[in-house]
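Given next are the chains, with one letter for each unit.
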There are 2 protein chains.
Amino acid sequence: MLLERVRASVDPELRRAVESLPGPMRCVARYHFGWQDAHGTPAVGNGKAIRPALVLAAVAALGGPQPPAVPAAAAVELIHNFTLLHDDVMDRDITRRHRPTAWTVFGVADAILAGDALQALAQRVLAEDPHPASSAAAARLAACVVELCAGQQVDMALEKRGPHEVALDEVLAMAEAKTGALLGCACAVGGLYAGAGEAHVEALDAFGREAGLAFQLIDDVIGIWGDPGRTGKPAGADLMARKKSLPVVAALTSGTPAADELAELYGLPYEEGDLERTVLAVERAGGRDWAQLQAADRMARAMYELSRAVPDPEAAGGLLALAEFVTRRSD
Amino acid sequence: MLLERVRASVDPELRRAVESLPGPMRCVARYHFGWQDAHGTPAVGNGKAIRPALVLAAVAALGGPQPPAVPAAAAVELIHNFTLLHDDVMDRDITRRHRPTAWTVFGVADAILAGDALQALAQRVLAEDPHPASSAAAARLAACVVELCAGQQVDMALEKRGPHEVALDEVLAMAEAKTGALLGCACAVGGLYAGAGEAHVEALDAFGREAGLAFQLIDDVIGIWGDPGRTGKPAGADLMARKKSLPVVAALTSGTPAADELAELYGLPYEEGDLERTVLAVERAGGRDWAQLQAADRMARAMYELSRAVPDPEAAGGLLALAEFVTRRSD
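Within any chain, residue numbers begin from 1 and follow the written order of that chain's sequence. Chains carry letters and ligands carry numbers; both start at the beginning, A for chains and 1 for ligands, and go up in the order they are written. Only residues with pLDDT of 70 or above have their local features reported here, since the model is predicted, and side-chain atom pairs are shown and tallied only from 80 upward, although totals for entire chains, interfaces and linings are computed over all residues. For the side-chain quantities, the full set of heavy atoms in the structure was used; hydrogens and water were omitted.

Q: Report on the overall build of chain A, specifying residues and quantitative values.
A: Within chain A one finds 16 helices and 2 strands. Seen through its C-alpha atoms, chain A measures out along the principal axes to roughly 60 × 50 × 30 Å. Each residue is assigned to one of three classes by its accessible area relative to the maximum for its type, calculated with a 1.4 Å probe on protein chains only: buried under 20%, partly exposed between the two thresholds, exposed over 50%. By the burial criterion, 58% of the 331 residues in chain A qualify as buried. At a minimum sequence separation of 6, the contacts of chain A that also span at least 24 residues come to 72%. Where accessible areas are quoted, they stem from the Shrake-Rupley method and a 1.4 Å probe; at the residue level, only the protein chains shown are allowed to cover. Only carbon and sulfur atoms are counted for the fraction: they give 55% of the accessible area of chain A, which is about 12900 Å². A distance of 4 Å separates the average location of the 31 positive side-chain charges in chain A from that of its 44 negative side-chain charges. Numbered from the N terminus, helices here are DSSP runs of H or I no shorter than four residues, and strands are runs of E no shorter than two. It only takes one pair of heavy atoms within 4.5 Å for two residues to be counted as in contact. A positive count includes Lys and Arg, and a negative count includes Asp and Glu. His and the chain ends are not counted in either. In this description, the location of a charge corresponds to atom NZ of lysine, CZ of arginine, CG of aspartate or CD of glutamate.

Take a look at the structure:
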C-alpha cells in the first residue's frame with residue numbers, strides 16, 4: 001500500500017534525525033513516534049505518514065525523482081510531530097493515537113523541549129540537504145510553522161468564548177491554518193523538489209489546503225457520529241468537552257430553534273446523559289449536513305487546484321488517492 | 001558604543017521578522033523584546049544584543065563585510081529569545097530583565113507559541129538569505145538549538161536531585177550547553193559569513209563557548225555576592241530557590257565541613273534569615289574562589305582559541321572587547 005511504501009522510505013531518515021538527539025529528548029521523541037513504549041521497550045511505530053506521502057506524491061505527479069525528496073518528506077513529518085507534542089501540552093490532551101500523550105508520561109517540560117528539538121531537526125535536515133530546492137522548502141516550512149502556531153492560538157482563544165461569540169468564518173480560517181496549511185506545504189515542498197514553477201507550487205499548496213479542510217470537516221463529523229475505533233477517541237468526546245468544532249459552530253450559527261438549545265447545552269458543563277440531546281441538537285440545527293456539503297465542496301476545489309497543478313490525470317493519481325484517503329480517516 | 005551600533009543595525013531586521021507574525025504572537029514577541037508594554041504602549045527595547053554583536057565582530061575579525069551578516073545576526077538573536085520564552089515557562093520564572101515574564105502576562109500557551117514562532121522566524125530569515133554561508137549557518141544554528149534544549153533538560157533534572165547527588169562536571173557541561181553553545185554558535189556563524197575555513201570556524205566556536213562559561217561563572221558569583229541592580233534579580237535569589245549554580249555545586253562537592261553545612265541548608269526549603277548562613281557556607285567551602293579561578297581559566301582558554309581563530313590581535317579587538325564585556329555583566 002502507498003503509505004507503507006512511504007513509511008519504508010522515510011522512516012530511516014526520520015529515525016536517523018531522532019537518534020541524533022541527546023538521551024532524554026530522544027526517549028520522548030521515540031515514545032511519541034511510537035517506536036518505544038514508556039519503559040523504552042521497542043514497539044512498532046504509529047502515525048500514518050500522510051504528509052511525507054503528499055511530498056513524495058507531489059514530486060511524482062510533476063515527474064520528478066522521489067528519492068532526493070526523502071529528507072524533505074522527513075522534515076515535514078518532524079514539523080508535524082513537533083506541533084503535536086506542543087499542542088497536546090497546551091490542550092492538556094491525554095490521549096494521542098490510542099496512547100497516553102508524551103507530556104503525561106515525561107512531564108510538560110520534557111515534552112516542550114522534545115518538540116523544540118524536533119522543529120530544529122526538521123530545519124537541520126533541510127539545511128544539510130544539498131538539493132537546489134532545499135532553501136526554498138525550508139523557508140516555506142518555517143512560514144508554515146508560524147501559520148500552524150497562529151491556528152493553535154486562535155483555536156484556544158475560540159474555546160474560551162461563549163457559544164454565541166464564534167463566527168463560522170473564524171473556525172474555518174482556524175481549521176485551514178491548523179490542518180490545511182501543513183498539508184498544503186507538504187504538497188508545495190514536493191513541487192519545489194520536482195523543480196515546478198511558482199504557479200504550480202501555489203496550486204499544489206491550495207490543493208493540500210482544500211483537501212486538509214475537507215479532512216477536518218469529515219474528522220469533526222466522525223468525532224460526533226462516527227466510529228471511535230477509527231478516531232482513537234470516544235464518540236462525542238468533543239461535544240462533552242464543549243469543543244467548538246466545525247459542525248457545532250455551523251449549528252450554533254444556523255439561526256434555528258435547535259441552535260438555541262445547543263447554545264444552552266454548550267453554556268453549561270457536560271452532564272451525564274446530555275450527550276444524546278447535544279448530538280441531536282447539532283443534527284437538527286443542520287450541523288451535520290453543512291459539514292458534509294462543505295467537505296464535498298472543499299474536495300471539489302481541491303480537485304480543481306490539482307487539475308491546475310498537474311494537468312495529466314494519470315500523473316495526479318497518487319495525490320488524488322491520498323486526498324481520498326485522508327478524507328475518509330483521521331490522524 | 002559597540003553594542004548600540006549593533007542594535008541599530010540588527011534591530012530593523014529583528015523587527016521586520018517579528019512584525020510579520022500574526023496578531024497575538026506579535027504582541028507577545030513585542031512585549032518580550034521590550035518594544036511594548038503589557039498594554040501595547042510602545043517602549044524602548046531591552047536585551048543587550050550580545051549574540052548579534054558576536055556574529056558581527058567575528059565577521060569583522062576575519063576581514064569580512066558586516067552588512068551581509070546582519071540577517072544571520074538577527075537569526076541568532078531570535079533563537080536566543082525563543083529559548084528565553086520557553087525556559088521562563090518551564091522554570092516558572094516570573095521576572096526577566098526587570099519585567100514580568102511573557103507567560104505571566106499572556107499565559108503559558110501564548111508564550112510557548114510565540115517561542116515556537118521565533119524559532120521558525122530565525123530559520124526563515126536564514127533560508128531566505130541568499131548569502132552562500134546561509135545554509136551552513138542554518139544547520140549550525142539548528143544543531144545549537146538541540147544543544148540548548150539538552151542543556152535546559154539537564155538543568156531541570158539536576159534541580160530535582162539532592163544536594164549530594166550532583167557532580168561538578170555535570171553542572172559545567174550543562175552550563176556549556178545552556179550558555180556557551182549559543183555564544184559559540186554566534187561566533188562560528190560570523191566565521192562562516194566571513195568565508196573562514198573549518199579550523200577557524202571551530203576555534204571561533206570554542207572561543208565563544210569558553211567565554212560563555214566564564215560569563216556564567218561570573219553571573220553565578222554576582223547572583224550570590226553581587227549587585228542586584230546589575231543582575232535584575234534580588235541578591236541571593238538563587239540560594240533562596242536552592243538553585244544548584246556553579247559556585248554552590250563547587251562548594252557542595254568540596255569535601256569541607258562547610259560543604260556539609262551547605263548540604264543541610266539546601267536539603268530544606270529556604271527560611272527567613274538563613275540566607276546569610278548559606279552565603280557564608282558557600283564561601284567557606286571555597287565556592288566563590290573556585291568560580292573566580294575557573295572563570296579566569298575559561299577566559300584564558302577563550303583567549304587561546306581566539307588567537308588560533310584570529311592571529312592578528314588588532315582584528316580580534318572587537319571579539320576581545322565583547323568577551324570582556326560579557327564576563328562583567330549579565331543578560
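Moving on from the coordinates now.
Q: Help me get a handle on the nonpolar core, residues and values and all.
A: Definition of nonpolar core: a set of buried residues of the types Ala, Val, Leu, Ile, Met, Phe, Trp, Tyr and Cys, connected through side-chain atoms within 4.5 Å. Of all hydrophobic cores here, the largest spans 185 residues; its most connected members are Leu78, Leu118 and Leu319 of chain A together with Leu78, Leu118 and Leu319 of chain B. Non-local contacts of leucine 78 of chain A, meaning those with residues more than four positions away in its chain, are made with Leu14, Ala17, Val18, Phe33, Leu118, Leu121, Ala122 and Val125 of chain A.

Q: Can you break down the packing of aromatic side chains residue by residue, with the values?
A: Aromatic rings from Phe, Tyr and Trp, with only the six-membered ring used for Trp, were paired whenever their centres fell within 6.5 Å, and each pair was classed as stacked if the ring planes differed by under 30 degrees, edge-to-face if by over 60, and tilted otherwise. Scanning all chains against the criterion turns up 4 aromatic pairs over all chains. An angle of 70° between the planes, with centres 5.5 Å apart, marks the rings of tyrosine 31 of chain A and phenylalanine 106 of chain A as edge-to-face. One end of the pair, tyrosine 31 of chain A, is in helix H2 (residues 23-32); the other, phenylalanine 106 of chain A, is in helix H5 (residues 102-106), and 75 residues separate them in sequence. Between phenylalanine 33 of chain B and tryptophan 35 of chain B, the aromatic rings sit 4.7 Å apart at their centres with planes inclined by 15°, giving stacked as the arrangement. On the accessibility criterion, phenylalanine 33 of chain B (3% relative accessible area) is buried. Its relative accessible area of 5% is what places tryptophan 35 of chain B among the buried residues. The residue whose ring lies beneath arginine 92 of chain A is tryptophan 103 of chain A, and the NZ or CZ to ring-centre distance is 5.3 Å. Put simply, a charge is over a ring when the Lys NZ or the Arg CZ is close to the ring centre, within 6 Å, and near the line of the ring normal, within 35 degrees.

Q: So, the environment of proline 234 of chain A: which residues are in play, and what are the values?
A: Turning to its location among the elements, proline 234 of chain A is positioned in the loop between helix H10 (228-231) and helix H11 (237-240). Judged by relative accessible area, which is 53%, proline 234 of chain A ranks as exposed.

Q: So, unusual backbone geometry: which residues are in play, and what are the values?
A: Despite not being glycine, histidine 98 of chain A has its phi angle at roughly 65°, a positive value. Here histidine 98 of chain A shows up in the loop between strand E1 (95-96) and strand E2 (99-100). A residue is classified by how much of its surface remains accessible, and histidine 98 of chain A, at 55% relative accessible area, is exposed. The backbone of arginine 92 of chain B sits at a positive phi, close to 55°, despite the residue not being glycine. The residue arginine 92 of chain B is located in the loop between helix H4 (70-91) and strand E1 (95-96) in this model.

Q: Would you mind going over the relation of the copies chain B and chain A in detail, with residue names and values included?
A: The copies were overlaid with a least-squares fit restricted to C-alpha atoms from residues scoring a pLDDT of at least 70 in each copy. The operation relating chain B to chain A is a screw motion whose rotation component is 180°, with 0.0 Å of axial translation and a residual RMSD of 0.0 Å. On this basis, the relationship between the two copies can be described by a two-fold rotation axis. Both copies share a contact surface, since 100% of the interface residues of chain B are interface residues in chain A too.

Q: Tell me about the interface of chain B and chain A, and name the residues and values.
A: Counting residues at the interface gives 33 residues for chain B and 33 residues for chain A. Summed over both sides, the interface of chain B with chain A buries roughly 2700 Å², with 75% coming from carbon and sulfur. The term buried area denotes the loss of accessible surface (1.4 Å probe radius) that occurs when two parts are joined, taken as the sum for both partners. When residues of chain B are sorted by the area they lose upon contact with chain A, Leu113, Val146 and Gln153 of chain B head the list and together hold 19% of the total. Put simply, a salt bridge is a Lys or Arg side-chain nitrogen that is within 4 Å of an Asp or Glu carboxyl oxygen. If you look at where chain B meets chain A, you find 0 salt bridges. Pairs of N or O atoms within 3.5 Å make up the polar contacts considered here, provided that, within protein, one atom can donate a hydrogen while the other can accept it, and that residues adjacent in sequence are counted only when both atoms are side-chain atoms. On inspection of chain B and its partner chain A, the count reaches 8 residue pairs in polar contact (both at pLDDT 80 or more). Counting only elements with at least two residues in the side of chain B that touches chain A, the list comes to helix H2 (23-33), H4, helix H6 (108-127) and helix H7 (134-160) of chain B. Residue polarity is assigned by list, with Asp, Glu, Lys and Arg as charged and Ala, Val, Leu, Ile, Met, Phe, Trp, Tyr, Cys and Pro as nonpolar; anything else, Gly included, falls into the polar class. Partitioning the side of chain B that touches chain A into residue classes produces 23 nonpolar, 6 polar and 4 charged.

Q: How would you sum up helix H9 (residues 198-225) of chain A? Please name residues and give values.
A: Between its first and last C-alpha, H9 of chain A extends 40 Å over 28 residues, near the 40 Å set by a 1.5 Å rise per residue. Counting buried residues along H9 of chain A, 23 of its 28 residues qualify, which places the element largely inside the surrounding structure. A helix's residues, less one, multiplied by 1.5 Å, set its expected span.

Q: Quick rundown of the pattern of salt bridges? Include the residues and the values.
A: Two side chains with opposite charge may pair up if their charged atoms get near one another. Applying the stated criterion across every chain, the model contains 39 salt bridges over all chains. Of the charged contacts in the structure, one is a salt bridge between arginine 209 of chain A and glutamate 176 of chain A, with a shortest N-O distance of 2.9 Å. Residue arginine 209 of chain A is found in helix H9, and its partner glutamate 176 of chain A is found in helix H8 (residues 168-193); the two are separated by 33 residues along the sequence. Accessibility expressed as a relative area gives 17% for arginine 209 of chain A, which makes it buried. Classification of glutamate 176 of chain A as partly exposed rests on a relative accessible area of 27%. For glutamate 283 of chain B, the salt bridge identified is with arginine 288 of chain B, shortest N-O distance 3.3 Å. For glutamate 283 of chain B, a relative accessible area of 33% puts it in the partly exposed group. Connected through salt bridges with shared partners, the residues Arg140, Glu147, Glu176, Glu202, Asp205 and Arg209 of chain A form a single ionic network.

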